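Chain residues, written in single-letter form:
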Amino acid sequence: MSQIVLDHITKKYPDGFEAVKDMSLTIEDGEFVILVGPSGCGKSTALRMIAGLEDITDGELRIGDSVVNDKAPKDRDIAMVFQNYALYPHMTVAENMGFALKLAKVDQSEIDRKVSEAAKVLDLTQHLDRKPANLSGGQRQRVAMGRAIVRDPSAFLMDEPLSNLDAKLRVQMRTEVSRIQQRLGTTTVYVTHDQTEAMTLGDRVAVMRSGVLQQVGSPMDLYNNPKNLFVAGFIGSPAMNFMPAQIEGDTLKLPVADVRLPEELRGNLGGSAGDGRQVIAGIRPEDFEDAHQVGDHKDRGTTFTVTIELVESMGSELYAHFSAVSEHSIESEELRELAEDSGAGEVPGAGEEGEIVARLDPASKVARGKEAELWVDATKVKLFDPADGRSLTADSTAEGNGAPSASGGQSPAGRDPEREPGGRG
Amino acid sequence: MTHTPREKAFWSIAILVVILYALIPVAWITSLSLKSPDQVADGKFFSGFSFENYDQIFSENTFNAALVNSLGIAAIATLISIALASMAAYALARLNFAGKAVILSGALAVAMFPPISIVGSLFDLWRAIGLYDTWPGLILPYMTFTLPLAIYTLSAFFREIPWELEQAAQVDGATPFQAFRKVIVPLAAPGVFTAAILVFIFAWNDFLFANTLTSTTDAQTVPAALAFFSGGSRFTEPIGAISAAAVVVTIPIIIMVLIFQRRIVAGLTAGAVKG
């Protein structure tokens, strides 16, 4: 078990494409870190560089105390779970799991012991003599996990290990992965494009976009204090609603309503935030409420009336869709990329109707085609600079990437509480 | 797929015709080999069993030695050719290196080169350097002419194997050679056997090189030896003996194909990845 340090890592392909740009990240001993981002953001390349399957163009990679830039994968003491599992089809489940130990010239009796131990953990004992071809998707996935576990490596690297499973199995295996990692306490780097997996699994989540690390932090940190538009739009489901807005005095003019800016937000904007400044406002669907159901914190926000266009009931919650006409138009490269990737994060242009999703209590009486009074929590509104997507409201105290305070709260007991702050410091 | 009775009848007859067309010469030569010398010219398809011809060829030193030469030379040529070809094919399938296109087209050029055009100079060259009428003297040209075919066959198979498997092996602690030997080659086994059979058949069947580059029982293979068969006496045609020898030389090929057929057909890569 050991710490993994990416120190200004860059990957440049011979054709000049930079897949990973100057990435610095410290993964603490025993930590579960998720690399997340849309496809093509460089997260898999970063993982493969840690594994040694890709050369590092520039920068330094340390596992434990040694620099491993030029070490072969076999000398790095890491185990990897591949997206398509990459099980050896000509070997039985037991042989698959014991292959690494066999190469390491471990006693056959010791191999058998470790394999059967891992098989018990993964509920594979009755399948040990079968070939991968005769296993179901979930079983294959568990064999791939088992192959990593038996070796007791210093780190697990997982490249979208659950993306080939159907939805139900994925949720099940997600819990399983989390349980195994907690139990073994092995340093784990996990790559996924699924923000739900990232939020539920990781001690810390690193969001990447176009080869650049955007933000590292605990899931709650990313959710509450996204550093920029991209992180805000990527984390959370349904995605954050974005709309053009204008600051006038202490009022934020949203397409749906005028909102009084709370004291904290104004403080963050600084004195220079003059009147008439154009910003992008981001409001999470869960920060809306049915005005009739708001409790005694009603003065924190503003009530407005809209026509509900569509209601999706999930049982435990309602998604109410409505639209608002924007007066201004805002262009943002990051949002365009988000929109291309997930359909989320579209900012309507001037005069266009922008669709907004609100998550309401199922007891709400909103109905399709009817007017409804909704309430928005002004303290939760995020503001972004339209020029560079930077957050204007992110809490500066929690901004430090993966500050110990942010991840420390999530750490399982027994981990070093005084570890160094990770990320780009 | 359902067939009407008429379709079934049509296909049955068609298949029967093809099988007959392919097997009648074989049956004829087998029947010839079982005739005694005085029955050979009787024109009948079947005139009793006589193993006289087989006794004759196996009692002759020429044929026994030729059989040993044929087996040895073909087997060694196959082994070397497949070992080299699998490594070359692996590199061609996996790596991008300068000159890859040149190597591929060079290999193709060798395969298309007519053997008859070099056999004369080889004869002189082999005599000069002492390879004439030796096993290496035949193994070398067989290897050269079969390598391109083996490389092409094998690299097609290697390309089918997911690269992740090899990377998984590397992460599991295998050296590149171990990953190749323990993961890639077993998975490419159908390809390896296919290529091996093709190479073996080429070496086994070759007449041109064997006839030109050998002269004695030291290295003469069966096809070459057959050409020098003589009858029981000066005045008898050795037709029966030649037929018997022809039957004997087909047997190893049949056995080999039967053994490896199952491995060729077996879809060994099934289940490597989710599919």
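Only a predicted model underlies this, so the values are computations on that prediction, with no experimental measurement involved. (Residues numbered from 1 in each chain as written. Chains lettered and ligands numbered in written order. Predicted model: local features only at pLDDT ≥ 70, side-chain atom pairs only at ≥ 80, totals over all residues. Heavy atoms only, no water.)

## Focus: the overall build of chain A
Our working definition: For helices the rule is a DSSP run of H or I covering at least 4 residues; for strands it is a run of E covering at least 2, with both sets numbered from the N terminus onward. Using a 1.4 Å probe on the protein chains alone, a residue whose accessible area is under 20% of its type maximum counts as buried, one over 50% counts as exposed, and one in between counts as partly exposed. The contact criterion used throughout is that any non-hydrogen atoms of two residues lie within 4.5 Å. Computed by Shrake-Rupley with a 1.4 Å probe, the accessible areas treat only the displayed protein chains as cover when residues are assessed.
For chain A, the count of helices and strands is 11 helices and 21 strands. Counting only residues that meet the buried cut, chain A has 56% of its 425 residues in that class. Summarising the internal contacts of chain A: among those between residues at least 6 apart in sequence, 72% fall at separations of at least 24. On chain A, roughly 17800 Å² of surface is accessible, and the fraction owed to carbon and sulfur atoms is 44%.

## A short note on the interface of chain A and chain B
The test is simple: Buried area adds together the accessible area that both of two parts lose upon being put together, with accessible area traced by a 1.4 Å probe. Within this document, salt bridges are pairs made up of a side-chain nitrogen of Lys or Arg and a carboxyl oxygen of Asp or Glu, the two lying within 4 Å of each other. Counted as a polar contact is a pair of N or O atoms within 3.5 Å, where, for protein atoms, one must be capable of donating a hydrogen and the other of accepting one, and residues adjacent in sequence contribute only when both atoms are in side chains.
With 24 residues of chain A at the interface, the matching set in chain B holds 24 residues. Taken together, the two surfaces of chain A and chain B that pack against each other cover about 2200 Å², and 64% of this comes from carbon and sulfur. On the chain A side of the contact with chain B, K74, P89 and L103 of chain A bury the most area, a combined 25% of that side's loss. For the pair chain A and chain B, the number of links is two salt bridges. Two residues, D172 of chain B and R151 of chain A, come together in a salt bridge whose shortest N-O distance is 3.6 Å. Between the two partners, chain A and chain B, sit eight residue pairs in polar contact (both at pLDDT 80 or more). Listing elements by their share of the side of chain A that touches chain B, those giving two or more residues are β6 (78-81), α2 (93-103) and α4 (137-149) of chain A.

## Describing the packing of aromatic side chains
Two descriptors summarise a pair of aromatic rings, namely the distance from one centre to the other and the angle between the planes of the rings. Residues and elements named next belong to chain B. In plain terms, the rule: Note on aromatic pairs: the rings of Phe, Tyr and Trp (six-membered ring only in Trp) are paired at centre separations within 6.5 Å, and the planes decide the class, stacked below 30 degrees, edge-to-face beyond 60, tilted for the rest.
Under the criterion given, the structure shown has 19 aromatic pairs over all chains. Summarising the aromatic geometry, the rings of Y90 and F180 are spaced 4.6 Å apart at their centres and angled 45° between planes, so their arrangement reads as tilted. Taken as a pair, Y90 in helix α3 (residues 61-94) and F180 in helix α8 (residues 176-187) lie far apart in primary sequence, 90 residues in all. Classification of F180 by relative accessible area gives buried; the value is 7%.

## Description of the domain arrangement of chain B
Frequently, the measure chosen for interface size is the accessible area that the parts lose on association. All names here are of chain B. What counts is decided by this rule: Boundaries between domains were set according to an automatic or database domain assignment.
If you check the domain split of chain B, you get domain 1 (1-50) and domain 2 (66-274). For domain 1 versus domain 2, the separation of C-alpha centres amounts to 31 Å. With five residues of domain 1 at the contact, the number on the domain 2 side is six residues. Taken together, the two surfaces of domain 1 and domain 2 that pack against each other cover about 440 Å², and 84% of this comes from carbon and sulfur. For domain 1, the biggest contributors to the area lost against domain 2 are I29, S33 and V40; these three give 70% of the whole. Between domain 1 and domain 2 we count zero residue pairs in polar contact (both at pLDDT 80 or more) in total.

## Comments concerning the confidence of the model for chain A
As a reminder, the rule being used: Each residue carries a pLDDT score, the predictor's confidence in it, ranging from 0 to 100.
Summarising the model, chain A shows a mean pLDDT of 83, and 84% of its residues fall at 70 or more. The low-confidence segment residues 397-425 of chain A (pLDDT under 50) makes 48 contacts with residues lying over four places distant or belonging to another chain.

## Examining the sheet that holds strand β21 (residues 382-384) of chain A
Residues and elements named next belong to chain A. We count it as follows: Two strands qualify as a pair provided that DSSP identifies no fewer than 2 bridges between them. An axis is simply a line fitted to the C-alpha atoms; with a helix, the fit covers only the stretch in contact. Between two such axes, the angle follows the N-to-C directions and lies from 0 to 180 degrees.
Strands sit in the order β13-β12-β11-β14-β21 across an open sheet of five strands; the sheet is antiparallel. Because the sheet does not close on itself, it has two edges, and the strands there are β13 (258-260) and β21. Pairwise comparison of adjacent strand axes, ignoring direction, gives a mean angle of 40° for this sheet. Summarising the sheet, strand β14 (residues 277-283) and β21 pair through three bridges and their orientation is antiparallel. Bridging across to β21, G282 finds its partner in K382.

## Side note on the sheet that holds strand β20 (residues 371-377) of chain A
Residue and element names in this part refer to chain A. Overall, antiparallel pairing links the three strands, which are arranged β15-β20-β16 in an open sheet. Of all the strands in the sheet, just β15 (288-290) and β16 (301-307) have a single pairing partner and so form its edges. Strand-to-strand twist across the sheet, computed as the mean angle between neighbouring axes with direction ignored, equals 35°. When β15 meets β20, the two strands line up antiparallel, connected through three bridges. From the neighbouring strand, F288 faces β20, where its bridge partner is V376.

## Quick notes on the layout of surface pockets
Residues and elements named next belong to chain B. Stated precisely, the cut-off is as follows: Every definition here rests on a 1 Å grid over the protein atoms only: cavities are sets of points where a 1.4 Å probe fits but cannot get out, pockets are open sets enclosed by protein on both sides within 12 Å along at least five of seven lines, and lining residues have some atom within 4 Å of a point. Grid points are joined across faces, edges and corners, and a volume is the space filled by probe spheres set on the points. As a working rule, the residues Ala, Val, Leu, Ile, Met, Phe, Trp, Tyr, Cys and Pro are called nonpolar, Asp, Glu, Lys and Arg charged, and the rest polar, with Gly in that last group.
A volume near 370 Å³ is recorded for the second largest pocket. In terms of lining residues, the second largest pocket is bounded by 15 residues, among which R94, L95, W163, E166 and Q170 are the most central. Where the lining of the second largest pocket is concerned, the elements lending two or more residues are α3 and α7 (163-171). Class assignment for the residues of the lining of the second largest pocket results in nine nonpolar, four polar and two charged.

## Side note on unusual backbone geometry
Residues and elements named next belong to chain A. The step from S237 to P238 runs through a cis peptide bond, and the omega angle for that step is -5°. Unlike most non-glycine residues, H8 shows phi in positive territory, near 50°. Within the element layout of this structure, H8 appears in strand β1 (residues 4-12).

## As for the confidence of the model for chain B
Low-confidence regions, as indicated by low pLDDT, have predicted coordinates that should not be scrutinised in detail. Residues and elements named next belong to chain B. For chain B, per-residue confidence averages 84 on the pLDDT scale, and 91% of positions sit at 70 or higher. Overall, residues 267-275 carries pLDDT values under 50, and its contacts beyond four positions in sequence, including any with other chains, amount to 28 contacts. Among the scores for the predicted complex, ipTM is 0.74 and pTM is 0.75.

## A look at the nonpolar core
As a reminder of what qualifies: The term nonpolar core refers to a set of buried residues drawn from Ala, Val, Leu, Ile, Met, Phe, Trp, Tyr and Cys, joined through side-chain atoms within 4.5 Å.
I4, L6, M23, L25 and L35 of chain A together with F158 of chain B are the most contacted members of the largest nonpolar core, which has 64 residues in total. Apart from the residues within four sequence positions on either side, M23 of chain A is in contact with L6, D7, H8, I9, L35, A46, M208 and L213 of chain A. One finds A79, L87, V143 and A198 of chain A within the second-largest nonpolar core, a separate group that totals 42 residues.

## Some remarks on the packing of α3 of chain B against helix α6 (residues 135-160) of chain B
All names here are of chain B. Condition: Any angle that is under 35 degrees is reported as roughly parallel, and any over 145 degrees as roughly antiparallel; angles of 65 to 115 degrees are reported as roughly perpendicular and all others as oblique. Put simply, a crossing is left-handed when the front helix is turned counterclockwise from the back one by less than a right angle, and right-handed when it is turned clockwise.
Remark: α3 packs on α6, axes separated minimally by 6 Å, with the N-to-C direction vectors making an angle of 40°. What the angle tells us is that α3 and α6 run oblique. Both α3 and α6 take part in a crossing whose hand is right-handed. Its residues assigned to classes, the contact of α3 with α6 comprises 23 nonpolar, six polar and two charged.

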